[in-house]
Amino acid sequence: GESVGLHLPTLSVQEGDNSIINCAYSNSASDYFIWYKQESGKGPQFIIDIRSNMDKRQGQRVTVLLNKTVKHLSLQIAATQPGDSAVYFCAALRGTSYDKVIFGPGTSLSVIP
Amino acid sequence: DAGITQSPRHKVTETGTPVTLRCHQTENHRYMYWYRQDPGHGLRLIHYSYGVKDTDKGEVSDGYSVSRSKTEDFLLTLESATSSQTSVYFCAISVPSSNEQFFGPGTRLTVL
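Residues numbered from 1 in each chain as written. Chains lettered and ligands numbered in written order. Predicted model: local features only at pLDDT ≥ 70, side-chain atom pairs only at ≥ 80, totals over all residues. Heavy atoms only, no water.

1. Focus: the pattern of salt bridges
For the coordinates displayed, the defined rule picks out seven salt bridges over all chains. As a salt-bridge pair, Glu39 of chain A and Lys42 of chain A come within 3.7 Å of each other at their nearest N and O atoms. Using a relative accessible area of 48% as the deciding quantity, one classes Lys42 of chain A as partly exposed. Residue Asp73 of chain B pairs with Lys70 of chain B through a salt bridge whose shortest N-O separation is 3.3 Å. Classification of Asp73 of chain B as buried rests on a relative accessible area of 8%. Given a relative accessible area of 40%, Lys70 of chain B falls into the partly exposed group. Salt bridges linked by common partners bring Arg22, Lys70 and Asp73 of chain B together as one network. (Salt bridge = Lys/Arg side-chain N within 4 Å of Asp/Glu carboxyl O. Buried < 20%, exposed > 50% of the residue type's maximum accessible area, 1.4 Å probe, protein only.)

2. Some details on the environment of Leu8 of chain A
As for its placement among the helices and strands, Leu8 of chain A is situated in the loop between strand E1 (4-6) and strand E2 (10-14). What Leu8 of chain A contacts, discounting residues up to four positions off in sequence, is Gly106 and Thr107 of chain A. (Helix = DSSP H or I, 4+ residues; strand = E, 2+ residues; numbered from the N terminus. Contact = heavy atoms within 4.5 Å.)

3. As for the nonpolar core
Of all hydrophobic cores here, the largest spans 23 residues; its most connected members are Trp35, Leu73, Leu75 and Tyr88 of chain A. Looking at this core element by element, the count peaks at four residues for strand E9 (residues 86-93) of chain A. (Core = buried A, V, L, I, M, F, W, Y, C linked by side-chain atoms within 4.5 Å.)

4. Some details on the layout of surface pockets
Its volume calculated, the largest pocket comes out at about 560 Å³. As for the largest pocket, its lining consists of 29 residues, and the residues nearest its centre are Gln38 of chain A together with Gln37, Val88, Phe90 and Arg108 of chain B. At the level of secondary structure, the elements contributing two or more residues to the lining of the largest pocket comprise E9 of chain A together with strand E9 (87-95) and strand E11 (107-111) of chain B. (1 Å grid on protein atoms, 1.4 Å probe; cavity = no way out; pocket = protein on both sides within 12 Å on 5 of 7 lines; lining within 4 Å. Points joined across faces, edges and corners; volume = space filled by probe spheres on them.)

5. Section: the side chain of Thr107 of chain B
Residue and element names in this part refer to chain B. Looking at where Thr107 falls in the secondary structure, it is placed in strand E11. Residue Thr107 is classed as buried on the basis of its relative accessible area of 0%. Setting aside residues up to four positions removed in sequence, Thr107 forms contacts with Gln6, Ser7, Pro8, Arg9, Leu21, Ser87, Val88 and Tyr89.

6. Quick look at the state of the cysteines
In the structure shown here, the tally under the stated rule is two disulfides over all chains. Note that Cys23 of chain A is cross-linked by a disulfide to Cys90 of chain A, the S-S spacing being 1.6 Å. In this pair, Cys23 of chain A sits in strand E3 (residues 19-25) while Cys90 of chain A sits in strand E9, placing the two residues 67 residues apart along the sequence. Taking relative accessible area as the criterion, Cys23 of chain A reaches 0% and is therefore assigned buried. Note that Cys23 of chain B is cross-linked by a disulfide to Cys91 of chain B, the S-S spacing being 1.9 Å. Here Cys23 of chain B and Cys91 of chain B share a disulfide; its torsion about the S-S bond, -70°, makes the bridge left-handed. (Disulfide = S-S within 2.5 Å.)

7. Structural notes on unusual backbone geometry
Keep in mind that most residues, glycine aside, have a negative phi and that most peptide bonds are trans. Residues Ser7 of chain B and Pro8 of chain B are joined by a peptide bond in cis, for which omega reads -10°. Position of Pro8 of chain B among the secondary structure elements: in the loop between strand E1 (4-7) and strand E2 (10-13). One non-glycine residue with positive phi stands out, namely Lys71 of chain A, at about 55°. Despite not being glycine, Lys53 of chain B has its phi angle at roughly 65°, a positive value. Using a relative accessible area of 65% as the deciding quantity, one classes Lys53 of chain B as exposed.

8. Notes on the interface of chain A and chain B
Listed as interface residues are 17 residues of chain A and, on the opposing side, 18 residues of chain B. Summed over both partners, the interface of chain A with chain B buries about 1,400 Å², with 55% contributed by carbon and sulfur atoms. On the chain A side of the interface with chain B, the three residues burying the most area are Tyr98, Asp99 and Phe103 of chain A, jointly 40% of the side's total. If you look at where chain A meets chain B, you find zero salt bridges. The interface formed by chain A and chain B contains two residue pairs in polar contact (both at pLDDT 80 or more). Sorting the residues of the side of chain A that touches chain B by element identifies strand E4 (32-38) and strand E5 (45-51) of chain A as the ones contributing at least two each. Of the residues belonging to the side of chain A that touches chain B, the class tally is nine nonpolar, five polar and three charged. (Buried area = accessible area lost by both parts, 1.4 Å probe. Polar contact = N/O pair within 3.5 Å; in protein donor to acceptor, adjacent residues only side chain to side chain. Nonpolar A, V, L, I, M, F, W, Y, C, P; charged D, E, K, R; others polar.)

Structural data, given as C-alpha cells:
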C-alpha cells in the first residue's frame, strides 16, 4: 500500500545550526506535500506546503525541497532554535483532498542549547 | 487554532463501554476530520465530513461511527470500546481557499 516515511526517527542539533529532516513517499501520483510540526501535548501545526510542479519553496526560516524523481522531500530549518524542538512529519496527498492524505510517522527534533 | 476544541481532553474507560468524543469549531468550516495517532504510525484518518449529515469512511473506520447534525459539531463514537482503540484522537478542519488543515488539541483515550 501507499506509505510515507521518514529516514530518521530522532534528530539532535545544536542551537544555531541548520536542521534537515527527510521524508520519502511511495505513490508517484502524490502531487501535494505538507510539513507539520507537533509540539508535545498539542495538535499538529501546518508549516509549509509544496506542489509537485515546484522543487523548492521557502518560508520563514524553513525551506522544503522536493525531488520527484526519487520521491523524496526534505524540510530545512535555518538557525535552529530551542522552540523548534518538536516532532515533524510530512504528508502526501493526491490533489488537495485531505480524505486521501498519507502521513509519515514523524522525526523528533531536539535542539541542544 | 481555527477555533477548534475537543472534549473531553482525557478519558479512561473500560472495554465494552460506549464512548463519544466531541469536536467543536466556531468558524463554520465545511470539512471536518477525525484521526487517530499511535506511536510509530502517522496520523490515520477514521472518518471525515464534507457537510451537515454528509460523512464518509477513512482508512481505519472499523469500530467507529460519526455524526454531524450541526456545522460546528462532529462527533466520534466508539460503540463498544476495545483496548486497540487506546490512542490520541485529533479532530481537524480544512480550509479550501488556502488548502491548510488545522488540528484540535487532541483527546487522549485509554481503554482498559
